[in-house]
Amino acid sequence: MKVCVIGSGYVGLVAGACFAEYGNHVICVDKDSKKIEDLKKGIIPIYEPGLSELVLNNHKENRLGFSTSIQEGVEGSEIIFIAVGTPTSEDGSADLSAVYAVAEQIGKSINDYKVIVDKSTVPVGTAAKVKEIISKNTKHEFDVVSNPEFLKEGAAIDDFMKPERVVIGADSERAGELVAQLYAPFVLNGNPIIKMGTVSAELTKYACNAFLATKISFANEIANLCETVGADYEDVRKGMGTDSRIGRQFLYAGIGYGGSCFPKDVRALIRTSENFSSSLRIIREVERVNEDQKVRLYTKIENFFGKGQIKGKTLAVWGLAFKPGTDDMREAPSIPLLLKLHEEGAKIKAFDPVSKETSEYYFKDKIEYAKDAYDALEGADALLLLTEWREFREPDFSRIKKLMKGHVIFDGRNQYRPDHMKKEGFKYFSIGKQAV
């Protein structure tokens, strides 16, 4: 099939490359001319495992092209995906200005029947508004479909190639069938294509992310209680996770969720509830708990060194990205924590395998970047583990001890065993466990 994907960011580029991999002819469109020229040269603007190879191979085979012209993309395609950004506005709602601007240009470019698919994460009513905008700019027949994405950063290619489900929100049987045909090769394993109305599809995406965010905040609340009463959250987590009604996923305690989806989608869902006068009390608390959790490690650090004693301390940091497998720094818990420590006069030397460039926007000259994990430790008073990259899981603790001035570890991701840390001669603080 002939497909156009407008927006060559994280979602758009992954979708375009994966559709092309299955034999479709795809054109990715973006208004950023430099990004398009870079893509033509094989320069990928984001870090995502496996994406670079997929883009390069399909571009070489002429199944994946790049352009700055929406008209070119629309006129030559049967299905047009809108995959532009929907960042959070000041009031917490999703900023849909880019979606609406693209819809207007699509309307002006339609030359015969088209299916326009909202792939961007958009609130209830967006499909109807997109349809209204396009209708004002064309006399040709078209349909608008909602097709939310469920990609995990760091595993996006597998998620797209082997989806647990594909949600297609269509008020037209013709449009729904055409999009289902496009996705059919991706669900040969029997996973479902779920068809519903556009409004239900729009809400499904937000409901899923809000529920997962709720599990994370719930886990962190229970972990915090464990520290207070003397319980071990790892034991509690196992007890909960083996209950089939609850499940093991998203029950790990830590320093809160971040990224491009959960924080933004939780806020947008809250705003939607306000617009329709329908209270979402639990979701509001989920957001509050998460913001508090991001700086919980600060309290542990301050308690250890003493109030007003952080100034002048050298803190080694392992991990800056909001999760392993990505260079995404959006809403990363490391940001408020390290900025607060910087304000208190701490010297911060950090290492992250891939997010140095993306993190510079947030930290500028407030932190020093180490050339590797062990370089960050030289003369440090403490080590802060903030992102659970694999290379941090089995480090050389003897070497760590020799490099550091102080022998204390603040583990925001519960990567190490307290008994092992005690044996190695470290003072160890984690989330949901007693300090040793």
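Reading the values: the criteria
Going along each chain's sequence as written, the residues are numbered from 1 onward. Selection of residues for local features in this predicted model requires a pLDDT of at least 70, selection of side-chain atom pairs for listing and counting requires 80 or more, and totals for whole chains, interfaces and linings are taken over all residues. Think of the side-chain values as coming from all heavy atoms in the structure, minus any hydrogens and water. Here an axis means a line fitted to C-alpha atoms, over the contact stretch when the element is a helix, while the angle between two N-to-C directions is reported on a 0 to 180 degree scale. The way it works is that DSSP assigns letters per residue, a run of H or I at least four long becomes a helix, a run of E at least two long becomes a strand, and they are numbered from the N terminus. Reported orientations rely on four angle classes, namely roughly parallel under 35 degrees, roughly antiparallel over 145, roughly perpendicular from 65 to 115, and oblique for the rest. Helix crossings fall into two classes, left-handed where the near helix is turned counterclockwise from the far one by less than a right angle and right-handed where it is turned clockwise. Only heavy atoms enter the contact rule, under which two residues are in contact if any of them lie within 4.5 Å. Residue polarity is assigned by list, with Asp, Glu, Lys and Arg as charged and Ala, Val, Leu, Ile, Met, Phe, Trp, Tyr, Cys and Pro as nonpolar; anything else, Gly included, falls into the polar class. In this analysis, the expected span of each helix is defined as 1.5 Å times one less than the number of residues it contains. Each residue gets one of three labels from its accessible area relative to the maximum for its type: buried under 20%, exposed over 50%, partly exposed in between, using a 1.4 Å probe on protein chains only. By convention in these notes, a salt bridge is any Lys or Arg side-chain nitrogen within 4 Å of a carboxyl oxygen on Asp or Glu. Any two strands with at least two DSSP bridges between them are considered paired.

Asks: What is the right way to read the packing of helix 5 (residues 97-109) against helix 6 (residues 126-135) from this model?
Replies: Following both chains from N to C, one finds helix 5 and helix 6 inclined at 40°, their axes separated by 8 Å at the closest point. It follows from the interaxial angle that helix 5 and helix 6 lie oblique. The handedness of the crossing between helix 5 and helix 6 comes out as right-handed. Between helix 5 and helix 6, the residues in contact are Val 99, Tyr 100, Ala 103, Glu 104, Ile 106 and Gly 107 and Thr 126, Lys 129, Val 130, Ile 133 and Ile 134, respectively. For the contact of helix 5 with helix 6, the residue count by class is seven nonpolar, two polar and two charged.

Asks: Can you walk me through helix 11 (residues 262-275) in this structure?
Replies: One turn of the α-helix equals 3.6 residues, which is why residues spaced by three or four share an orientation. Taking 1.5 Å as the rise per residue, helix 11 with 14 residues should run 20 Å; its terminal C-alpha atoms sit 20 Å apart, in good agreement. Across the 14 residues of helix 11, 11 count as buried, placing the element largely inside the fold. By the burial criterion, the buried members of helix 11 are Phe 262, Pro 263, Lys 264, Asp 265, Val 266, Arg 267, Ala 268, Leu 269, Ile 270, Thr 272 and Ser 273. Of the surrounding elements, those touching the buried residues of helix 11 are helix 9 (198-229) and helix 12 (281-293). At the C-terminal side of helix 11, Ser 277 shows a positive phi close to 55°.

Asks: Help me understand the pattern of salt bridges, please; the structure alone is not making it clear to me.
Replies: Pairing is possible between side chains that carry opposite charge, provided their charged atoms lie close to one another. One pass over the structure, following the stated rule, counts 33 salt bridges. In this structure, Glu 302 and Lys 307 form a salt bridge, with 3.7 Å as the shortest nitrogen-oxygen distance. Overall, the relative accessible area of 17% leaves Glu 302 in the buried class. Of the charged contacts, one joins Lys 349 and Glu 368 as a salt bridge, the two residues approaching to 4.0 Å between their closest N and O atoms. A residue pair is termed long-range when its members are at least 10 positions apart, and Lys 349 in strand 10 (residues 347-351) and Glu 368 in strand 11 (residues 368-369) qualify at 19 residues. One salt-bridge network, in which partners are shared between bridges, spans Arg 267, Glu 287, Glu 291, Lys 294 and Glu 331.

Asks: Before we go on, may I ask you to explain the sheet that holds strand 14 (residues 427-429) in this structure?
Replies: The strands making up a sheet associate through backbone hydrogen bonding, with each pair oriented either parallel or antiparallel. Here six strands make up an open sheet; going across it, the order is 11-10-9-12-13-14 and the pairing parallel. Each edge of the sheet is formed by a strand with only one pairing partner; in this case those strands are strand 11 and strand 14. Relative to strand 12 (residues 382-385), strand 9 (residues 314-318) runs parallel, the two sharing four bridges. Across the sheet, Leu 315 pairs through a bridge with Ala 382, a residue of strand 12. Against the sheet, helix 13 (residues 296-305) touches strand 9, strand 12, strand 13 (408-411) and strand 14, its axis set at about 160° to strand 13.

What is shown is where atoms sit, not what they do.
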